[in-house]
Structures are given as C-alpha cells and as structure tokens.
Amino acid sequence: MKAQINQREVEYRIEGETGPQQAQVLLADAVDLTAGTAWAAQGYTVAPFLSADEQRQLQQGLEALVREALANAGRPVAPDFPVNQYHQIVGDDRDLHLAVINQTKEYRQEHLPVLAALLEARVSELCGRPVRALNPWDGERFFHLRIVRPNRADNNPLHRDVWLPDYRDCLNIYVPVTGSTPDSSLTLVPGSHWWPENRTERTRGGAVYNGVSFTVPAVTGAAEPLEIIRPNPGPEEVLLFSPYLLHGGAVNLNPDETRISLEMRFWAV
Ligand SMILES: [Fe+2]
C-alpha cells in the first residue's frame, strides 16, 4: 500500500492473511479516556509533561537503561555514550539488536528513573480524571522503550493496540528520549479512534512488515488515503494518545540518529 507521512512517501509493505471486517466501532463499547477533553475528536494531544528536572532525570535514566542493555548484550559502551548513536554500535547485527530490545521492550515500573506516580498525576491532569499505570487486565505495571534505528524496519506497522488482548480502555503516552524528530517520532491517524473496523483492511493475525514479523495485526489498506501525521512532541513534552487510534509505521527517516522513546499505558482508577 502507498503511504505518506507528512506528505512524504514511505515504503509500507505488509504480508499476512486479511479477512472481512465489521462496521463495529471498538471504542463505542469501551472506556474513552479522551472523553470530555478538548482533544477528544482528534484522539491525541501534545502537552508539557514533567518539571524540567524530573523530565531530565527520566530521559537520562532511560538512556542509561539502553547502555545497560547494550552491556548485558555483550557490547559495553562508555557511560557518556550518546545512545542516539546506537545504530553505529549495532549496525545491521540482528542478533545484537534483538538481544537489546528483548530487554528494553518491557520493564517493570520499579526500573523507571522517576516515580510512576509523577507520570500518573500529570496524565490524570491532562485527561481530567484519575488514572494509574496499572493494567487491570493482567495486574501488571510496565513501561516500554522503543528503539528505532534510522531507515531500518524496527518500528511497528500501522495498528490499534486493542487488536491485541489486554489493552482495552486505556490511554498511551509517547515521551521522546533521544533522536525523536519531525522525521522519526511516532505517527498516527487523527480521529481514527472512532472509525469503524471496516474502514480499513488488516491482517487477521500478526503481520510481516517490510520483511519483519510483529505480534500485532497491521493495516493493509484503506478505501480512502490515510492521513498519517507525526505530532512530534518536543523534549519537554508528552504525546498522549488513544490506543484506539491507528498509529505506528513510524519509519525513522533521520539521516544519522536512532530514535528512542518511552511508552506507558494508563487506565482509569
Ligand atoms: Fe501501539
């Protein structure tokens, strides 16, 4: 399928069996944590996040986790190694990259460099109701680091989180750690959280995207062209978005910077 991000054409090749979709709107039967906000129709907002000190502590601590993961994978780096140069260390070494992302894709929140309660308080403020980073479906408290090397198929294909189990009813955040730019940050389709399932085609199960297997199903096509944008939060900001939005497919078009970001999900108390 042809896809454009910010009017620029990108490669988007999905393999996987597709099936007919229904006219059902998934969010209509779920908790909509965007409801009542000024950004409910768009399904996302970009806003200032923590205090400057807390945000720095968060970003620097997360960068240290990436260096630790590289060391655990057998490729130690200096304590001041700039992790946006991750691709220079890892290159096209698939085993090394997998050894790193198997550690960074999911952490328990006790490893978060600031108290999760700080993030919970700010996200509660932004959505106008109390939320916490505790998944009621599996009782877990996780956060995730996304590491996307420039011009490699490291990013998820276009999807809704709720096509996987355990992600109903929540809100998601994207916080830039390093290398997050207008050419690399998370992509999404504004307003698509209210689209019926049959407005897009998707794979039944996990998709193969630009040759790489993912657990999440992926969009394979749409009747109308998809308007995919990058809201691109700045270093002091957060992108708060409904996981019912179509998002992902955020190929990193930076010439020479790996993009690293924090993802964490919140549910109503
Ligand atoms: Fe997602």
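In this text the structure is predicted, and so the values were computed from the model without any measurement.

Participant: Would you mind showing me how to read the environment of aspartate 154 here?
Facilitator: Mapped onto the secondary structure, aspartate 154 falls in the loop between strand E7 (142–148) and strand E8 (171–178). Here the alpha-carbon distance between aspartate 154 and valine 212, two residues 58 residues apart in the chain, equals 8.2 Å. Sequence-distant contacts of aspartate 154, that is, excluding residues within four places in its chain, are made with His97, Ile147, Val148, Arg149 and Phe214. A distance of 2.8 Å separates the side chain of aspartate 154 from the side chain of arginine 149, its partner in a polar contact.

Participant: Teacher, can you tell me more about the coordination of the iron ion here?
Facilitator: Coordination of the iron ion by the protein involves His159 (NE2), Asp161 (OD) and His247 (NE2), with metal-donor separations of 2.1 to 2.2 Å. Of note, the iron ion draws all its donor residues from one chain, in the sequence arrangement H-x1-D-x85-H. One end of the pair, histidine 159, is in the loop between E7 and E8; the other, histidine 247, is in the loop between strand E13 (237–241) and strand E14 (259–268), with 88 residues separating them in the sequence. For histidine 159, a relative accessible area of 3% puts it in the buried group. Histidine 247 gets classed as buried once you look at its relative accessible area, which sits at 3%.

Participant: Explain the packing of aromatic side chains to me, please; I cannot follow it from the model alone.
Facilitator: In this description, a pair of aromatic rings is defined by centroid distance and the angle of the planes. What the rule picks out here adds up to three aromatic pairs. With a centroid separation of 5.3 Å and 50 degrees between ring planes, the pair formed by tyrosine 12 and tyrosine 209 is classed as tilted. Here the residue tyrosine 12 occupies a position in the loop between strand E2 (8–10) and strand E3 (14–15), and tyrosine 209 occupies one in strand E10 (residues 208–209), the gap between them amounting to 197 residues. Overall, tyrosine 12 belongs to the buried group, its relative accessible area being 6%. Geometrically, the ring pair formed by tyrosine 107 and phenylalanine 143 is stacked, given 5.0 Å between the ring centres and 15 degrees between the ring planes. Here phenylalanine 143 lies in strand E7 and tyrosine 107 lies in strand E5 (residues 107–108), a separation of 36 residues in the sequence. Each member of the pair, tyrosine 107 as well as phenylalanine 143, carries the same accessibility label: buried. Grouped by ring-pair contacts, the aromatic residues Tyr12, Tyr209 and Phe214 constitute a single cluster. Between the NZ or CZ atom of arginine 168 and the centre of the ring of tryptophan 137, over which it lies, the distance is 3.9 Å. Over the face of the ring belonging to tryptophan 195 we find arginine 199, whose NZ or CZ atom lies 3.8 Å from the ring centre.

Each value, and the rule that gives it
Residues numbered from 1 in each chain as written. Predicted model: local features only at pLDDT ≥ 70, side-chain atom pairs only at ≥ 80, totals over all residues. Heavy atoms only, no water. Helix = DSSP H or I, 4+ residues; strand = E, 2+ residues; numbered from the N terminus. Contact = heavy atoms within 4.5 Å. Polar contact = N/O pair within 3.5 Å; in protein donor to acceptor, adjacent residues only side chain to side chain. Donors = N, O, S within 2.8 Å, 3.2 Å for Na, K, Ca; no water. Buried < 20%, exposed > 50% of the residue type's maximum accessible area, 1.4 Å probe, protein only. Phe/Tyr/Trp six-rings, centres within 6.5 Å; stacked < 30°, edge-to-face > 60°. Lys NZ or Arg CZ within 6 Å of the ring centre and 35° of its normal.

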